[in-house]
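Letter by letter, the chains look like this.
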Amino acid sequence: MERYKRYGWFGKLLLGGLILLGGISMAQDKGGTLTVAIGYDLDTLDPYASGFLTDIQSTFLEPLVYPDENAKFQPALALQVPTQANGGVRVTDNGKKMIVTYKLRPAKWADGEPVTSADVKFTWEAIKDPKYLGPEKDGTEEIEKIETPDPQTAVIYYKQIFTGFKSALFGYGILPKHVLEGKDLNKDPFWEKPFGAGPFKVTEFKRGQYVIVERNPNYWRKDANGNQLPYLDRIIFKVIPNTNTTVTQLKSGELQFAYNIPYTLAPSLDNVPGLKIVNAKTLGFRHLTFNFKNEFLKDLNVRKAFAYGIDRDAINKALGGYMKPINTFVVSSFDFASNAVPVYKYDPEKAKTALRNAGFTPGSDGIMVKDGKRLSFKFMTQAGRAEYELSQQVIISQMKAVGVELIPDNKSGAALSDARRKGGYDVWYSGWITPADPIDSYISFYSTKGFNNGSGYSNTVVDTALEKASTSLDPSLVSVYLARVQYQVLSDLATLPLFEAPSIIAVTEKLQNFKPNPTNQTNFRNTSDWWLKK
């Protein structure tokens, strides 16, 4: 299998084909259509309402700043990434509050109207509005006010120090005030053919089938020779929740790009003519999460039975050995990943002992019983995703061996998103992928009121430490607070982290200048300089 190659600076210059905004460039072929597989049934094109990654939305909405292929923030609509060093971030009120200033570059919406600081302010006001029902409101409550002293300047006053300001809220993209002001964002037809200030605009959206985005003629970015970007004419996103179908269409040439190829299916693509396989590191991890509202799962001993009863090595082997077993939910790319956490090594006898300590005894079929009730749980994962479903089957077998019955209850699309957020599961196997500054994600996963915390887990130690981590600009203090969070969450076994997970990406060899993005800002954040070799 061809791995993602790491080139020196000169090789990057030659192979990447383009240094944006100044530098040396090679000749690029303009035009063409790229056909991409999306492995989930898209619920909406509104990024603040969607329960999935914003792959498509990243092509037509432009953020203020964005994380690049190295998870380092770069300017987009903003002229620079605000920091304390460049004066873009100022701490006030004796270290209790902060002010972030964005200077905007000259840019236009796809309809030709100018992007201004009023759009930044409108995005905040629209998303934080209680009447707007979208769940992705992270970063709205932390803002006290936004001032717009001129069309190119947005001054954001935060009620507290907020370390996640670069990813939260404005990281999804700025919304056009002149189109959406006074509209009901929950149901406005704008979201059927939305546009923004990004390199493309949506021209067709067929739910459950496909989305087509085409070149935005008013996009602000140009290449080193002054040529208008993007290079591609259009991208067709095909909705294909079944990964076996995705692989079949990659082989036939119907698809030119797909990510999160199942590990077990990746080797079958190695020798497909014209196809390149990329093993891309991500900020993602696989986990097992427990519903604390279940009468048995709220017992720590029952959760310990899972922790000791699951053999990570066996799961990884079944999936081809691509993943890295882990003991914490903070991936190793981050300096604050802690080793001072409880470690639950595979030990079936300890798993059985934990269940006996919880008052269970083996039933006639080997499944544990207590007070006449079998130790049986509904086990959810994403339907049609081969990697998840195979992992699920291995876990079902492993847990049956220690006396726990797991019954598959798989979901997809909006049903999966709804169940995840509302706790419509007993046990859930899935993956999370975080932004480059992940604290806000941890808050959503593990804090009492986190919007992705459907499990009902609650611990004041965790809430307090997460709050302190999110309001500190001192990296050493952030590490201390997050070490406390990791220790407590894993002592409580609110979740069982299993693996760091790379993304296997299949891409046509004709596609140039593609660089995998390891964050939750998706591989499609920087499509403007992609081009197809003819």
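Remember, it's a predicted structure, so these values are computed and weren't measured experimentally.

Engineer: Outline the overall build of the protein, supporting the account with residue identities and numerical values.
Structural biologist: For the protein, the helix and strand inventory stands at 13 helices and 24 strands. Taken over the C-alpha trace, the protein has a radius of gyration of 24 Å; the compact-globule value for 534 residues is 24 Å, and the two agree within 12%. Taken over the C-alpha atoms alone, the protein extends approximately 75 × 60 × 45 Å along its principal axes. The buried share of the protein, reckoned over its 534 residues, is 57%. Of all intrachain contacts in the protein linking residues separated by at least 6 positions in sequence, the fraction that spans at least 24 positions is 70%. When the accessible surface of the protein is totalled, it reaches about 21400 Å², and 50% of it is carbon and sulfur. Between the averaged position of the 64 positive side-chain charges in the protein and that of its 56 negative side-chain charges there is a distance of 2 Å.

Engineer: Please set out the packing of helix 12 (residues 460-470) against helix 13 (residues 475-492) residue by residue, giving values where relevant.
Structural biologist: Where helix 12 contacts helix 13, the axes come no closer than 8 Å and their chain directions differ by 155°. As judged from the angle between their axes, helix 12 and helix 13 are roughly antiparallel. Crossing of helix 12 over helix 13 shows left-handed handedness. Here V461, V462, A465, L466, K468 and A469 of helix 12 come into contact with helix 13, specifically with V478, Y481, L482, R484, V485, Q488 and V489. Looking at the contact of helix 12 with helix 13 residue by residue, the classes come out as 10 nonpolar, 1 polar and 2 charged.

Engineer: Residue-level account of the pairing of strand 9 (residues 210-215), with values.
Structural biologist: Pairing between strand 8 (residues 200-206) and strand 9: 6 bridges, direction antiparallel. Following the sheet pairing, F200 is matched in strand 9 by R215. In this sheet, strand 10 (residues 234-239) lies alongside strand 9 in antiparallel orientation, the contact comprising 5 bridges. Each residue of the ladder has a partner; that of Y210, found in strand 10, is K238.

Engineer: Just give me the short version of the nonpolar core, but keep the residues and values in it.
Structural biologist: In this structure, F170 and F257 are the most contacted members of the largest nonpolar core, which totals 77 residues. Every residue in contact with F257, bar those within four places of it in the chain, is listed here: T35, V36, A37, L250, I505, A506, V507, L511, F514, N523, F524 and W530. In terms of nonpolar packing, the next biggest core, distinct from the first, is built from 54 residues, V247, F306, L319 and M368 among them.

Engineer: Go over unusual backbone geometry, please, and point to the residues and values.
Structural biologist: Cis geometry marks the peptide bond from L229 to P230; its omega dihedral reads 5°. Examined against the element boundaries, P230 turns out to sit in the loop between strand 9 and strand 10. One non-glycine residue, N94, adopts positive backbone phi at about 55°. Summarising the element assignment, N94 is placed in the loop between strand 4 (89-92) and strand 5 (97-103). Its relative accessible area of 83% is what places N94 among the exposed residues. Its identity as a non-glycine residue notwithstanding, L169 has a phi of 60°, on the positive side.

Engineer: Outline the confidence of the model for the protein, listing residues and values.
Structural biologist: Looking at the protein as a whole, the pLDDT averages 93, with 95% of positions reaching at least 70. Within the model, pLDDT remains below 50 along residues 1-25, and this stretch shows 53 contacts once partners closer than five positions in the same chain are excluded.

Engineer: Tell me about the pattern of salt bridges, and name the residues and values.
Structural biologist: For the structure shown, the criterion picks out 15 salt bridges. Here K145 and E147 are joined by a salt bridge, their closest N and O atoms 3.2 Å apart. Of the residues examined, K145 reaches a relative accessible area of 35% and is grouped as partly exposed. A salt bridge links R234 to E214; the shortest N-O distance between them is 3.5 Å. Of this pair, R234 sits in strand 10 while E214 is found in strand 9, placing the two residues 20 residues apart along the sequence. Residue class for R234 comes out partly exposed when judged on its relative accessible area of 29%.

Engineer: Hey, could you go over helix 11 (residues 439-446) for me, with residue numbers and the actual values?
Structural biologist: For helix 11, the tally of buried residues reaches 7 of 8 residues, placing the bulk of the element in the interior. All buried positions along helix 11 are accounted for by I439, D440, S441, Y442, S444, F445 and Y446. Looking at the buried residues of helix 11, the elements they touch are strand 13 (284-290), strand 20 (427-433), helix 12, helix 13 and strand 21 (495-500).

Engineer: So what's going on with empty space enclosed by the protein? Residues and values would help.
Structural biologist: In total, this model carries 5 cavities of 30 Å³ or more according to the counting rule given. Estimated volume of the second largest cavity: approximately 110 Å³. Lining the second largest cavity are 14 residues, and of these T289, F445, Y446, N452 and S455 lie nearest its centre. Within the residue set of the lining of the second largest cavity, elements represented by two or more residues are strand 13, strand 20 and helix 11. Classifying every residue of the lining of the second largest cavity gives 7 nonpolar, 7 polar and no charged.

Engineer: Please provide a residue-by-residue account of the pairing of strand 4, values included.
Structural biologist: Looking down a regular strand, the side chains alternate between one sheet face and the other. Where strand 4 lies against strand 5, 4 bridges are found, and the strand directions are antiparallel. Of the residues in strand 5, the one forming a bridge with R90 is I99.

Cut-off values and rules
Sequence order as written defines residue numbering, which begins from 1 separately in each chain. The predicted origin of the model limits local features to residues at a pLDDT of at least 70 and limits the giving and counting of side-chain atom pairs to 80 or more, whereas totals for whole chains, interfaces and linings rest on all residues. Here the side-chain values reflect all heavy atoms present in the structure, with hydrogen atoms and water set aside. Strands here mean DSSP runs of E at least two residues long; helices mean DSSP runs of H or I at least four residues long; both are numbered from the N terminus. Our radius of gyration looks at C-alpha atoms and nothing else; its globule reference is 2.2 Å times the residue count to the power 0.38. Residue burial is assigned from relative accessible area. The probe radius is 1.4 Å, only protein chains are included, and a residue is buried under 20% of its type maximum, exposed over 50%, and partly exposed in between. Throughout, a contact is declared for two residues whenever any of their heavy atoms are within 4.5 Å. To be clear on the numbers: accessible area is Shrake-Rupley with a 1.4 Å probe, and residue cover counts the displayed protein chains and nothing else. For this count, His and the chain ends are skipped, Lys and Arg are scored as positive, and Asp and Glu as negative. Each charge is placed at NZ for Lys, CZ for Arg, CG for Asp and CD for Glu. The axes are straight lines fitted to the C-alpha atoms, using for helices just the contacting stretch, and the angles between their N-to-C directions are given from 0 to 180°. Roughly parallel covers angles under 35 degrees, roughly antiparallel covers those over 145, roughly perpendicular covers 65 to 115, and oblique covers all other angles. It is the rotation of the near helix from the far one that decides the hand of a crossing: anticlockwise by less than a right angle makes it left-handed, clockwise makes it right-handed. Under the scheme applied here, ten amino acids are nonpolar (Ala, Val, Leu, Ile, Met, Phe, Trp, Tyr, Cys and Pro), four are charged (Asp, Glu, Lys and Arg), and all others, including Gly, are polar. Here, a strand pair is defined by DSSP locating no fewer than two bridges between the strands. Only buried residues count toward a nonpolar core, which is a set of Ala, Val, Leu, Ile, Met, Phe, Trp, Tyr and Cys residues joined through side-chain atoms within 4.5 Å. pLDDT expresses, on a scale from 0 to 100, how confident the predictor is about each individual residue. We define a salt bridge as a side-chain nitrogen of Lys or Arg found within 4 Å of a carboxyl oxygen belonging to Asp or Glu. Cavities and pockets are found on a 1 Å grid laid over the protein atoms alone: a cavity is a set of points where a 1.4 Å probe fits but cannot escape, a pocket is an open set with protein on both sides within 12 Å along at least five of seven lines, and a lining residue has an atom within 4 Å of such a point. Grid points are joined across faces, edges and corners, and a volume is the space filled by probe spheres set on the points.

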